[in-house]
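# Structure assessment
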Amino acid sequence: MQAAEIAALDLGALAKAIADGEVTSVQATTVALDRLAGIGHKLNAVVRLDDARALNAAAAADKRRASGAALPPLHGVPLAHKDLFYRAGDLSGGGSKIRENFRAEVTSTAIARLDAAGALDLGRLQLAEFAMSPTGYNESLGHARNPWNPAHVPGGSSSGSGVAVAARLVTASLGTDTGGSLRHPGAMCGLIGLKPTWGLVPTDGVMPLSASLDCSGPLTRTAKDAAIILSVIAARDYLTGIDAGIAGLRIAVPGGYYRELLHTEIAAALHEAIRTLTSLGATISETAPPDMALINALMQLVMSVEAATIHRSWLIERPQDYADQVRARIEPGLYYPATRYVEALSLRAQLTEAWVASCIGDADLALLPAISIPVPTIAATTEGDPADVARVIGQLTHCTRGINYLGLPGASVPSGFDSAGLPIAFQLIGRPYSEAIMLRTAHAYQGATDWHHRAPAAAELH
């Protein structure tokens, strides 16, 4: 199999090809390392690679297969992850100057579970500074570039993960989501970005931004690949039943707040996605959300306070080593009264109940826009009037950030391209621990559409 053919395989197909002996792990790893070093660096998606360790692990994987030993589900499959996930002894900079020389003393549970499943770890991928941007903004390390158009943002904060999977450098990548940071790059790069229910996937050994909001999850090209990764890192089975279809499934479509900023092209793609889901047997109902201003305000309060707690000493000792945009988002958390923070946490269960009752009602899932506006340029999110920049950034998180406060699972699903050739997506939101239904729905939708099969020119597959 040629390098371009190997790169074109999705996670499930690559794992099967390695298990069946059609591709060796060394071949797959060499292709991934070459593409990460070439395309990956060109798109500024890569922080560091460990070629020697990866190739040694791949050779060992091939020897194990040749021995006839039983193989774990991701045996010999090369992956790379957001540079927040710790591996003992390795550098983990969190996209920052301040942590550029930090070496982890522990390995994250999510990474350890992928190791146990046979996956290979090639290195770490770019992200927004301290995971503090929905665009992927990183002043010190440079901005990752959207593979569909390098002048545009790839979404953040898991920017390098989104770029690497969309450009076919690796088949899957772990990222984190505190206000949309898996769903943003998923939506803007044309991928499944799965934010699990808060607490489902262990976040130990992952540099925190806001412990009450942070979630770890996968970015993949397909819903089935997301189910494969989630089954490993959550230690539950999400593959059984994924092919069952969605006949009789009830999907709610909230209006009001979730339609306020909706661009016409996004609205048209959303309408077409709903039509496709209806043709697959789903029943659609319209609902209305509760007071999202309150939910968003409480989310921002919790994130700011928890981030400021982590960063307080660095803000005092090294304020010059933060980008202005990042420091401005963290510092307000120093000034909220403790009573407001505790109140915000105590209201979560009540407000989650209210949101589910209003937005999902008696349905199984809710369908929302992922990003309400077309993917913006890097210039539009970094240059000009600060008020205009803030407005664009705020629009990107309009439909995502409240979901983190509520602790609900969510997934971006690619659903088309705008007139500029940039991806469009919707997101599915479920009740707590409804990931299986969400993945089954996304998988059924992908079986009826081909958006996830399309590759950006940057992938150089042709």
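Residues numbered from 1 in each chain as written. Predicted model: local features only at pLDDT ≥ 70, side-chain atom pairs only at ≥ 80, totals over all residues. Heavy atoms only, no water.

To continue, consider the sheet that holds strand E2 (residues 78-82). Pairing within the open sheet is mixed, and its 3 strands lie in the order E1-E3-E2. Because the sheet does not close on itself, it has two edges, and the strands there are strand E1 (46-49) and E2. This sheet shows a mean twist of 35° between the axes of neighbouring strands, independent of strand direction. Here 3 bridges tie E1 to strand E3 (residues 120-125), and the two strands are oriented antiparallel to one another. Directly across from Leu49, in E3, lies its bridge partner Gly123. Against the sheet, helix H3 (residues 25-42) touches E1, E2 and E3, its axis set at about 5° to E3. (Pairing = 2+ DSSP bridges. Helix = DSSP H or I, 4+ residues; strand = E, 2+ residues; numbered from the N terminus. Axes fitted to C-alpha atoms, helices over the stretch in contact; angles between N-to-C directions. Contact = heavy atoms within 4.5 Å.)

Here we take up the packing of helix H10 (residues 292-317) against helix H12 (residues 338-346). Helices that pack against each other are described as a pair by the angle of their axes relative to one another and the distance between those axes. At their nearest, the axes of H10 and H12 sit 9 Å apart, and the two run at 125° to each other. Between H10 and H12, the interaxial angle falls into the category oblique. Seen along the crossing, H10 lies across H12 with a hand that is left-handed. Within the contact between the two elements, H10 uses Leu298, Leu301, Val302, Val305 and Glu306 and H12 uses Arg340, Tyr341, Ala344 and Leu345. Taken together, the residues that form the contact of H10 with H12 break down as 7 nonpolar, no polar and 2 charged. (Parallel < 35°, antiparallel > 145°, perpendicular 65-115°, else oblique. Left-handed = near helix turned anticlockwise from the far one by under 90°. Nonpolar A, V, L, I, M, F, W, Y, C, P; charged D, E, K, R; others polar.)

Okay, the state of the cysteines next. What the rule picks out here adds up to 0 disulfides. Counting only cysteine sulfurs, Cys399 is the nearest neighbor of Cys359, a cysteine outside any disulfide, at a range of 11 Å. (Disulfide = S-S within 2.5 Å.)

Here we take up H3. Under the 1.5 Å per step criterion, the end-to-end length of H3 is 25 Å for 18 residues, consistent within 8% with the ideal 26 Å. Burial in H3 covers these residues: Ser25, Ala28, Thr29, Val31, Ala32, Leu33, Arg35, Leu36, Ile39 and Gly40. In the stretch just after H3, Asn44 is the one whose phi turns positive, near 55°. (Expected span 1.5 Å × (residues − 1). Buried < 20%, exposed > 50% of the residue type's maximum accessible area, 1.4 Å probe, protein only.)

This next bit is on the pairing of E3. The element E3 is largely enclosed, with a buried count of 6 among its 6 residues. Pairing of E2 with E3, which is carried by 4 bridges, proceeds in the parallel orientation. Across the sheet, the residue bridging to Lys82 is Leu125, located in E3. Considered for its hand, the β-α-β crossover made up of E2, helix H5 (residues 109-116) and E3 is right-handed. (Right-handed = clockwise from strand over helix to strand, strands pointing away.)

Two elements in contact, helix H8 (residues 223-233) and helix H16 (residues 435-448), have axes separated by 8 Å at closest approach and are oriented at 150°. Classified by the interaxial angle, the pair formed by H8 and H16 is roughly antiparallel. Across from Ala223, Lys224, Ala226, Ala227 and Leu230 in H8, the residues of H16 making contact are Glu435, Leu439, Ala442, His443 and Gln446. Residue composition of the contact of H8 with H16, by class: 6 nonpolar, 2 polar and 2 charged.

Two aromatic rings are characterised by how far apart their centres lie and by the angle between their planes. Enumeration over the complete set of coordinates arrives at 8 aromatic pairs. Relative to Tyr258, the ring of Tyr257 lies with its centre 5.1 Å away and its plane at 90°, an arrangement referred to as edge-to-face. Assigned by exposure class, Tyr257 and Tyr258 land together as buried. Their ring planes at 90° and their centres at 6.5 Å tell us that Tyr258 and Trp355 sit as a pair that is edge-to-face. With Tyr258 in the loop between strand E7 (250-254) and helix H9 (264-279) and Trp355 in helix H13 (residues 348-360), this residue pair connects regions lying 97 residues apart in the sequence. Of the residues examined, Tyr258 reaches a relative accessible area of 1% and is grouped as buried. (Phe/Tyr/Trp six-rings, centres within 6.5 Å; stacked < 30°, edge-to-face > 60°.)

Our next topic: the side chain of Thr178. Assignment of secondary structure puts Thr178 in the loop between strand E4 (172-177) and helix H7 (183-189). Overall, the relative accessible area of 4% leaves Thr178 in the buried class. A polar atom in the side chain of Thr178 sits 2.6 Å from the side chain of Asp214. Those residues within four positions of Thr178 in sequence are excluded, and the remaining contacts are Leu209, Ser210, Leu213, Asp214, Met299, Met303 and Asn404. (Polar contact = N/O pair within 3.5 Å; in protein donor to acceptor, adjacent residues only side chain to side chain.)

So, on to the sheet that holds strand E6 (residues 215-220). Here 8 strands make up an open sheet; going across it, the order is E4-E6-E5-E10-E11-E9-E7-E8 and the pairing mixed. Of all strands in the sheet, those bounded by a partner on one side alone are E4 and strand E8 (283-287). Within the sheet, the average angular offset between the axes of one strand and its neighbour, ignoring direction, is 30°. Both E4 and E6 contribute to a ladder of 6 bridges, which runs antiparallel. Each residue of the ladder has a partner; that of Thr176, found in E6, is Ser216. Docked against the sheet, H8 engages E4, strand E5 (192-195) and E6, running at close to 145° with respect to E6. In this fold H16 packs onto E5, E7, strand E9 (365-369), strand E10 (410-417) and strand E11 (423-430), with an angle of close to 10° to the strand it touches most, E10.

Moving on, we come to H5. Among the residues of H5, those classed as buried are Ala110, Ile111 and Leu114. Seen along its axis, H5 keeps its buried residues to an arc of 100°; they face one direction. If you follow the buried residues of H5, they end up packed against E2, E3, E4 and H8. Residue Gly118 follows H5 closely and has a positive phi angle near 95°. (Arc of directions from axis to C-beta.)

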